[in-house]
Amino acid sequence: MKIRALFGALACSVAALAATSTACAANYKSEYKLSIVVGTTFPWGQGAEIWSRLVRERTDGRINIKIYPGTSLVQGDQTREFTAIRQGLIDMAIGSTINWSPQVKQLNLFSLPFLMPDYAAIDALIHGEVGKTLFKDIEKAGVLPLAWGENGYRQLSNSKHAIKAPEDLKGLKLRVVGSPLYIDIYSALGANPTQMSWADAQPALASGAVDGQENPLSIYAGSKLYTVGQKYLTLWNYVADPLVFVVNKQVWESWTEADRKIVREAAIEAGKQEIVIARKGVTPEDPSMLKDIESHGVTVTSLTPEQHDAFVTATKPVFEKWKKTIGEDLVTQAQKDIANR
Ligand code: X2X
């Protein structure tokens, strides 16, 4: 703990004893900057709103969080977000494992193609040993993780034709982000992947500079990608990206014990609620979002088990290659937990 934070904490404990909590806010910033990639109309952004509101209410305004969508604190470059949190340019964030995987290579786990067959598999990882290990890895990399959320299963869209087999991807120019793992996946499938931020992806799709992209349906529908020619959508659940609620370490140390508890519990609560929101409208039981997407003239393709297997086979070498980078033990543990879910 830094000396200043230590004095702050001591002053606050004394103040707490004297029941004058205002003194605790002495070292607090007037505003804490919370970074997210998309806006507050998306499940991801709603998670940010819930977390901010709970913290503001429960700390009587001592911790005042302001949401910065569009990863604007790093000029939209979402792969630099993690470093900016560690350095203190960003105080708090809810970030995708994909965007932080350049700095925390173990987070590539969730991007291993076809590792997680269903929501129970995702839950088994984030709420089990694997989730704990990954939180230790994030902390070792210099940022304090508090809770899990979810962006979602990532589906493939493009402007050219329906995709049912790896051959259909041949030559398609696809936008990917975050990790070279995605370049490997799409290269293995015969496509032409190109890495760019979400901020750059939307104009690139609109101008036709790229043919397609992959994102959860909430992002596809919320960004109205069907209005920029993305009329073919393949549901293949090949990867899913969890979100992680985090705080910069110095900021964390500047807060009182009691306020840390509030922020942590609020993150866990907001994460739980956000996951429920993220899974709305995209399941067989509740396909309302899919129906809405179809109503915009989108051809939605679901894969037969045989078609699905062809994609699994084609991406197997990428899985094996990245298993080594991520850590064989972690991947084996994940596979075990998924088998026992
Ligand atoms: O850029 C994306 O594709 C997004 C919005 O899903 C992430 O931030 C990973």
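Residues numbered from 1 in each chain as written. Predicted model: local features only at pLDDT ≥ 70, side-chain atom pairs only at ≥ 80, totals over all residues. Heavy atoms only, no water.

What exactly am I supposed to notice about the overall build of the chain here?
Secondary structure assignment for the chain yields 14 helices and 10 strands. Against the compact-globule benchmark of 20 Å for 341 residues, the chain has a radius of gyration of 21 Å, which places it among compact chains. Seen through its C-alpha atoms, the chain measures out along the principal axes to roughly 70 × 40 × 35 Å. Looking at the chain as a whole, 54% of its 341 residues qualify as buried. Put simply, of all contacts in the chain between residues at least 6 apart along the chain, 74% involve residues at least 24 apart. Put simply, the chain shows about 14200 Å² of open surface, and 55% of that area lies on carbon and sulfur atoms. Distance from the positive charge centre (37 side chains) to the negative charge centre (36 side chains) of the chain: 4 Å. (Helix = DSSP H or I, 4+ residues; strand = E, 2+ residues; numbered from the N terminus. Rg over C-alpha atoms; globule rule 2.2 N^0.38 Å. Buried < 20%, exposed > 50% of the residue type's maximum accessible area, 1.4 Å probe, protein only. Contact = heavy atoms within 4.5 Å. Areas by Shrake-Rupley, 256 points an atom, 1.4 Å probe, with all protein chains shown as cover. Lys, Arg positive; Asp, Glu negative; His and termini not counted. Charge placed at Lys NZ, Arg CZ, Asp CG, Glu CD.)

Would you explain the packing of aromatic side chains in this entry?
Each aromatic ring pair is characterised by the separation of its centres together with the angle its planes make. Summed over all chains, the structure comprises 15 aromatic pairs. Relative to Trp236, the ring of Phe114 lies with its centre 6.0 Å away and its plane at 80°, an arrangement referred to as edge-to-face. With Phe114 in the loop between helix H4 (97–100) and helix H5 (119–126) and Trp236 in the loop between strand S8 (232–235) and strand S9 (240–248), the pair connects residues that are 122 residues apart, well separated along the chain. The same class applies to Phe114 and to Trp236, which are both buried. Ring plane angle 20° and centroid distance 4.9 Å describe the contact between Phe135 and Trp148, whose orientation is recorded as stacked. Linking Phe135 in helix H6 (residues 129–140) with Trp148 in strand S4 (residues 143–158), this pair joins segments that are 13 residues apart in sequence. The pair formed by Phe135 and Trp148 is uniform in burial state, with each residue classed as buried. A connected cluster of aromatic rings, assembled from ring pairs, spans Phe114, Tyr182, Tyr186, Trp236, Tyr238 and Phe311. Lys316 extends its terminal NZ or CZ atom over the ring of Phe319, reaching a point 5.9 Å from the ring centre. (Phe/Tyr/Trp six-rings, centres within 6.5 Å; stacked < 30°, edge-to-face > 60°. Lys NZ or Arg CZ within 6 Å of the ring centre and 35° of its normal.)

Any chance you could explain the nonpolar core here in plain terms?
Where a protein is soluble and globular, its nonpolar side chains tend to be buried together. Counting residues in hydrophobic clusters, the biggest one holds 60 residues, and the most contacted among them are Leu109, Met116, Leu125, Leu169, Tyr186 and Trp236. The element contributing the most residues to this core is helix H13 (residues 305–326), with five residues. The contacts of Met116, once residues within four sequence positions are left out, are Phe110, Ala121, Ile122, Leu125, Tyr153, Asn237, Ala240 and Ile338. The next biggest cluster of nonpolar side chains, apart from the first, holds 48 residues, and it includes Met92, Trp198, Leu235 and Ile293. (Core = buried A, V, L, I, M, F, W, Y, C linked by side-chain atoms within 4.5 Å.)

Explain the site of the ligand to me, please; I cannot follow it from the model alone.
Surveying the vicinity of the ligand reveals the residues Val37, Trp44, Gln78, Ser96, Asn99, Asn151, Arg154, Arg175, Val177, Trp198, Asn215 and Asp241. Within the side chain of Gln78, one N or O atom sits 2.7 Å away from an oxygen atom of the ligand. Within the side chain of Arg154, an N or O atom sits 2.8 Å from an oxygen atom of the ligand. More than half of the atoms belonging to the ligand lie within 2 Å of the grid points that define the largest cavity. (Near = heavy atom within 4 Å. Polar contact = N/O pair within 3.5 Å; in protein donor to acceptor, adjacent residues only side chain to side chain. 1 Å grid on protein atoms, 1.4 Å probe; cavity = no way out; pocket = protein on both sides within 12 Å on 5 of 7 lines; lining within 4 Å. Sits in = over half its atoms within 2 Å of the grid points.)

In this structure, what is going on with the layout of surface pockets? I would like to understand it.
Remark: the empty space left among the atoms is shown by a probe the size of a water molecule rolled over them. Each pocket or cavity is described by its volume, and for the largest pocket that value is around 580 Å³. Lining the largest pocket we find 25 residues, and of these Tyr153, Gln155, Leu235, Asn237 and Val282 sit closest to its centre. At five residues, S4 tops the list of elements feeding residues into the lining of the largest pocket. Of the residues that constitute the lining of the largest pocket, the class distribution is 15 nonpolar, eight polar and two charged. Space inside the second largest pocket adds up to approximately 280 Å³. (Points joined across faces, edges and corners; volume = space filled by probe spheres on them. Nonpolar A, V, L, I, M, F, W, Y, C, P; charged D, E, K, R; others polar.)

Looking at this structure, I do not really get the pattern of salt bridges. What am I missing?
Pairing between side chains of opposite charge can happen when their charged atoms approach one another. The tally for this structure, following the rule as stated, stands at 18 salt bridges. Measuring nitrogen to oxygen at the nearest pair gives 2.6 Å for the salt bridge that ties Asp91 to Lys29. You can see Asp91 sitting in the loop between helix H3 (81–87) and strand S3 (92–96) and its partner Lys29 sitting in the loop between helix H1 (3–17) and strand S1 (32–35), a full 62 residues away along the chain. Note on Lys29: relative accessible area 39%, which makes it partly exposed. Between Asp241 and Arg154 there is a salt bridge whose closest N-O contact spans 3.1 Å. Taken together, the residues Asp241 in strand S9 and Arg154 in strand S4 connect sequence positions 87 residues apart. Classification of Arg154 as buried rests on a relative accessible area of 3%. (Salt bridge = Lys/Arg side-chain N within 4 Å of Asp/Glu carboxyl O.)

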